[in-house]
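# Descriptive analysis of the structure
Spelled out from the first residue to the last, the chains are:
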Amino acid sequence: MKKREEPLGSLEHIVMLAVMRLGSDAYGMTVRREIENATGRDMSIGAVYATLVRLESKGFIKSHTGEPTAERGGRAKRYFRTTAEGEGALRNTRAIIEKMSAGLKGLQVT
Amino acid sequence: MRHQLPHVALWILSRLVSEGEREPLVGDLAEEYALRASAVSSSAALKWCLRQVWASVPAVLWARLTRVPWISTIGVALLAYIAVGVVELTVNRATAYNPLGMLITFPMVVAIGYVAAGVRRSAPLVLAGMMLIAVTAMTLLADEAVPAWYRVAYFFVGPVAAFIGTALRSLRSR
């Protein structure tokens, strides 16, 4: 049976896009910064991590641990990257938004 | 000059997040703190850091709760139980344990069960159990202000209403 593809929540959508944009440099704080720079939204690091962990449990992203660095007090980074399933969920969410917005006046992004 | 994350922030975060997230999350915060402290000032970095920790509390707590299914089920059932309590108190204050009050309360408990089942499917089951325990305790403690028929009726009305709420939710999701 084919698994039903659920669209991403708005926060999940934004975090997934940030992870994708950052590529190999996607970890908690860079994801937070990327969202802040792109949207002006001051997201807490806790909310970013909670979303990243949720996305990982859904199989939409994968993580691996980097090397510890001195600037982080000897703590390692946890890098994230999107999976094929996650990119499918992004396409699905985008398709839904585009279908729902089609033909509606006043929704053009300037 | 090396800037270190304030101990208070470390302490709060280390108690909130799970072990797997602790190191990367605290490390991220330490990195950004050091960056802001050298770029702006230590006090501005401290303010930012404490604001981040404070703003992270609800998200981190909620994430931890929802990751343990039985805890979130009990949490939802408890919230539903409080809602039932509020409904019951309000209705009984207006109707003074009149059967009409029971008729008003019943659909409201069904609605609460319906909403609870939407959040956690087995929450109304726990809610029904909580109501049975509460009615049993009320009966054993023999509060004279509550009529006997009301207690007996509530043995059925509360749990049945919660189950109907679950059934309606299941019907809708089919």
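Before going into details, it helps to say that this report is about the structure given with it. (Residues numbered from 1 in each chain as written. Chains lettered and ligands numbered in written order. Predicted model: local features only at pLDDT ≥ 70, side-chain atom pairs only at ≥ 80, totals over all residues. Heavy atoms only, no water.)

### Notes on the packing of helix H1 (residues 10-22) of chain A against helix H3 (residues 45-57) of chain A
Residues and elements named next belong to chain A. Remark: H1 packs on H3, axes separated minimally by 10 Å, with the N-to-C direction vectors making an angle of 85°. What the angle tells us is that H1 and H3 run roughly perpendicular. Contact residues: H1 offers Leu11, Glu12, Val15, Met16 and Val19, while H3 offers Thr51, Leu52, Arg54 and Leu55. (Axes fitted to C-alpha atoms, helices over the stretch in contact; angles between N-to-C directions. Helix = DSSP H or I, 4+ residues; strand = E, 2+ residues; numbered from the N terminus. Parallel < 35°, antiparallel > 145°, perpendicular 65-115°, else oblique. Contact = heavy atoms within 4.5 Å.)

### A look at the nonpolar core
Among the nonpolar cores identified, the biggest contains 40 residues, and Val15, Val19 and Val31 of chain A together with Leu29 of chain B are the most heavily contacted of them. Breaking this core down by element, the ones donating at least two residues are H1, helix H2 (28-39), H3, strand S2 (75-82) and helix H4 (84-101) of chain A together with helix H1 (7-16), helix H2 (19-39) and helix H3 (42-67) of chain B. Dropping the residues within four chain positions of it, Val19 of chain A is found in contact with Ala26, Val31, Leu52, Ile61, Phe80, Arg81 and Thr82 of chain A. Val91, Val109, Met130 and Val135 of chain B belong to the second largest nonpolar core, which has 24 residues in total. (Core = buried A, V, L, I, M, F, W, Y, C linked by side-chain atoms within 4.5 Å. Buried < 20%, exposed > 50% of the residue type's maximum accessible area, 1.4 Å probe, protein only.)

### Some details on the interface of chain A and chain B
If you look at the interface, chain A gives 24 residues, while chain B gives 25 residues. Here chain A and chain B share five salt bridges between them. Among the ionic pairs, Asp28 of chain B bridges to Arg72 of chain A, the shortest N-O distance being 2.7 Å. Secondary structure elements with two or more residues in the side of chain A that touches chain B: H2, H3 and S2 of chain A. At six residues, H3 of chain A tops the list of elements feeding residues into the side of chain A that touches chain B. (Salt bridge = Lys/Arg side-chain N within 4 Å of Asp/Glu carboxyl O.)

### A word on the pattern of salt bridges
For the coordinates displayed, the defined rule picks out 13 salt bridges over all chains. A salt bridge links Lys58 of chain A to Glu12 of chain A; the nearest nitrogen and oxygen atoms lie 2.7 Å apart. Here the residue Lys58 of chain A occupies a position in the loop between H3 and strand S1 (61-69), and Glu12 of chain A occupies one in helix H1, the gap between them amounting to 46 residues. Where Glu32 of chain B meets Arg36 of chain B, a salt bridge forms, and the shortest distance between an N and an O atom there is 3.0 Å. Here the residue Glu32 of chain B and the residue Arg36 of chain B both occupy positions in helix H2, the gap between them amounting to four residues, near one helical turn. For Glu32 of chain B, a relative accessible area of 4% gives the class buried. Three or more residues joined by partner-sharing salt bridges are found here, namely Arg33 and Arg72 of chain A together with Asp28, Glu31, Glu32 and Arg36 of chain B.

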